[in-house]
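Coordinates in review
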Amino acid sequence: MSQKLSGIADLTAAAAAAPPGTGGNDDGPGRLDRIAALCRTANFARHHLEVTVLYDAHLTWTSYDVLHLAVMHRPVDTGVVAALAHVSKGSVTRSAAALIKRGLLRRSIPTTDRRRSLLAPTAAGWALNQQLRAQLIAELNILLDTDTDTGADRHDITVLRHLISAHHR
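Here's a quick rundown of the structure. The shown structure was predicted, so the numbers you read here are calculated from the model rather than taken from an experiment. In this convention, every chain numbers its residues from 1, walking through the sequence in written order. It should be noted that, the model being predicted, local features are given only for residues of pLDDT at least 70 and side-chain atom pairs only at 80 or more, the latter also being counted only at that level, while totals for whole chains, interfaces and linings use all residues. Each side-chain value is worked out from all heavy atoms of the structure, with water and hydrogens disregarded.

1. Notes on the overall build of the protein chain
Only runs of H or I of at least four residues qualify as helices and only runs of E of at least two qualify as strands under DSSP, and these elements are numbered from the N terminus. In terms of regular secondary structure, the protein chain is built from seven helices and three strands. Listing every helix and strand of the protein chain by position from the N terminus yields α-α-α-β-α-α-β-β-α-α. Evaluated residue by residue, the protein chain yields a buried proportion of 36% over its 169 residues. Here the analysis covers contacts within the protein chain between residues at least 6 apart in sequence; of these, 60% occur between residues at least 24 apart. Any residue under 20% of the maximum accessible area for its type is buried, any over 50% is exposed, and the rest in between are partly exposed; the area is computed with a 1.4 Å probe on protein chains only. Working rule for contacts: check all heavy atoms of both residues, and any pair within 4.5 Å makes them a contact.

Take a look at the structure:
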């Protein structure tokens, strides 16, 4: 499934025009506008990755993140996954249940504290994570490649790079 890279260029154009610190008395509202533009652009990038890479694997960004965190921190407590992914524990539970049903994760309960639930990847989950990670990295390289900024479709990502680099000055 492919989607044209556009959607928030008009919303972020103003933020890209003025670097941070040049807003004079407008630093409070100007900063808020830049953060809002950064969040919109990050949401755009996330959605783009969902429809270009994760869609075919029948995953959302949250379910991919749950799988990825289980692979990286195996075994990992569901509460830790929720904190690392910045989502509710209920979201982790729903995503994990779907991943367990597909044979990508397994759940265990520690004997020392039966209130906890640990997630670990299966071999199939580990393999899918590796495959998707490579595809996500490739797609991000395409999005963030500075040589492809000539088209209007790349404006949103250009704004994202500008906002991030301006923040680090």
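2. Examining the nonpolar core
As a rule of thumb, soluble globular proteins bury nonpolar side chains together. Buried Ala, Val, Leu, Ile, Met, Phe, Trp, Tyr and Cys residues that are joined via side-chain atoms within 4.5 Å together make up what is termed a nonpolar core. Formed by 24 residues in total, the largest nonpolar core has its most connected members in Leu59, Val66, Leu105, Leu119 and Leu132. Broken down by element, the residue count for this core peaks at six residues, all from helix α3 (residues 61-72).

3. Overview of the side chain of histidine 48
Structurally, histidine 48 can be placed in helix α2 (residues 27-54). Among the polar contacts made by the side chain of histidine 48, one reaches the side chain of glutamate 139 at a distance of 2.8 Å. Here a polar contact is recorded for every N or O atom pair within 3.5 Å, except that within protein the pair must consist of a potential hydrogen donor and a potential acceptor, and residues adjacent in sequence are included only if both atoms are side-chain atoms.

4. Examining helix α4 (residues 78-85)
For the α-helix, the turn length of 3.6 residues means that residues three or four positions removed from each other point alike. What α4 keeps buried is the set Thr78, Val81, Ala82 and Ala85. Angular distribution of buried residues about the axis of α4 spans 100°; they occupy a single face of the element. Sitting at the head of α4, aspartate 77 places a side-chain oxygen 2.7 Å from the backbone nitrogen of glycine 79. Of the residues one or two after α4, histidine 86 is the one with positive phi, at around 60°. For this quantity, the arc is that covered by the directions from the helix axis to the C-beta atoms.

5. Section: the sheet that holds strand β1 (residues 76-77)
For two strands to be treated as a pair, DSSP must find at least two bridges joining them. Overall, antiparallel pairing links the three strands, which are arranged β1-β3-β2 in an open sheet. The open sheet is flanked by β1 and β2 (105-108), the only strands paired with a single partner. As judged from the four bridges shared by β2 and strand β3 (residues 118-121), these two strands associate in the antiparallel manner. The residue bridging arginine 106 from the neighbouring strand is alanine 120, located in β3. Relative to the sheet, helix α5 (residues 89-101) contacts β2 and β3, its axis offset from that of β2 by approximately 120°. Axes here refer to lines fitted to C-alpha atoms; in helices the fit is confined to the stretch in contact. Angles between the N-to-C directions go from 0 to 180 degrees.

6. Looking at helix α6 (residues 123-144)
Residue count minus one, scaled by 1.5 Å, sets the expected span of a helix. With 22 residues, α6 should cover 32 Å at 1.5 Å per step; its first-to-last C-alpha distance of 31 Å lies within 8% of that length. Within the sequence span of α6, burial applies to Gly125, Leu128, Asn129, Leu132, Leu136, Glu139 and Leu143. Seen end-on, α6 carries its buried residues on one side only, within an arc spanning 100°. Exposed and facing more than 90 degrees away from the buried side of α6 are Ala123 and Asn141.

7. Overview of the packing of aromatic side chains
Pairs were defined over the aromatic rings of Phe, Tyr and Trp, the Trp ring being its six-membered one, requiring ring centres within 6.5 Å. Orientation was assigned from the angle between planes: stacked under 30 degrees, edge-to-face over 60, tilted for the rest. What the rule picks out here adds up to one aromatic pair. Taking 5.6 Å as the distance between ring centres and 55° as the angle between the ring planes, the aromatic pair formed by tryptophan 61 and tyrosine 64 counts as tilted. With tryptophan 61 and tyrosine 64 both in helix α3, this residue pair falls three residues apart, about one helical turn. Note on tyrosine 64: relative accessible area 4%, which makes it buried.

8. Some thoughts on the environment of serine 117
As for its position among the elements, serine 117 is in the loop between β2 and β3. Residue class for serine 117 comes out buried when judged on its relative accessible area of 12%. Setting aside chain neighbours within four positions, we find serine 117 in contact with Val76, Asp77, Thr78, Arg107 and Ser108. Within the structure, serine 117 has its side chain in polar contact with the side chain of arginine 107 (distance 3.1 Å).

9. Quick word on the pattern of salt bridges
What counts as a salt bridge is simple: a side-chain nitrogen of Lys or Arg found within 4 Å of a carboxyl oxygen of Asp or Glu. With the rule as written, the count across this model stands at two salt bridges. Measuring nitrogen to oxygen at the nearest pair gives 2.8 Å for the salt bridge that ties arginine 116 to aspartate 77. You can see arginine 116 sitting in the loop between β2 and β3 and its partner aspartate 77 sitting in strand β1, a full 39 residues away along the chain. When its relative accessible area of 13% is taken as the criterion, aspartate 77 is described as buried. Taking the shortest distance from any N to any O, the salt bridge between arginine 115 and aspartate 113 comes out at 2.9 Å.

By themselves these figures say nothing about function.
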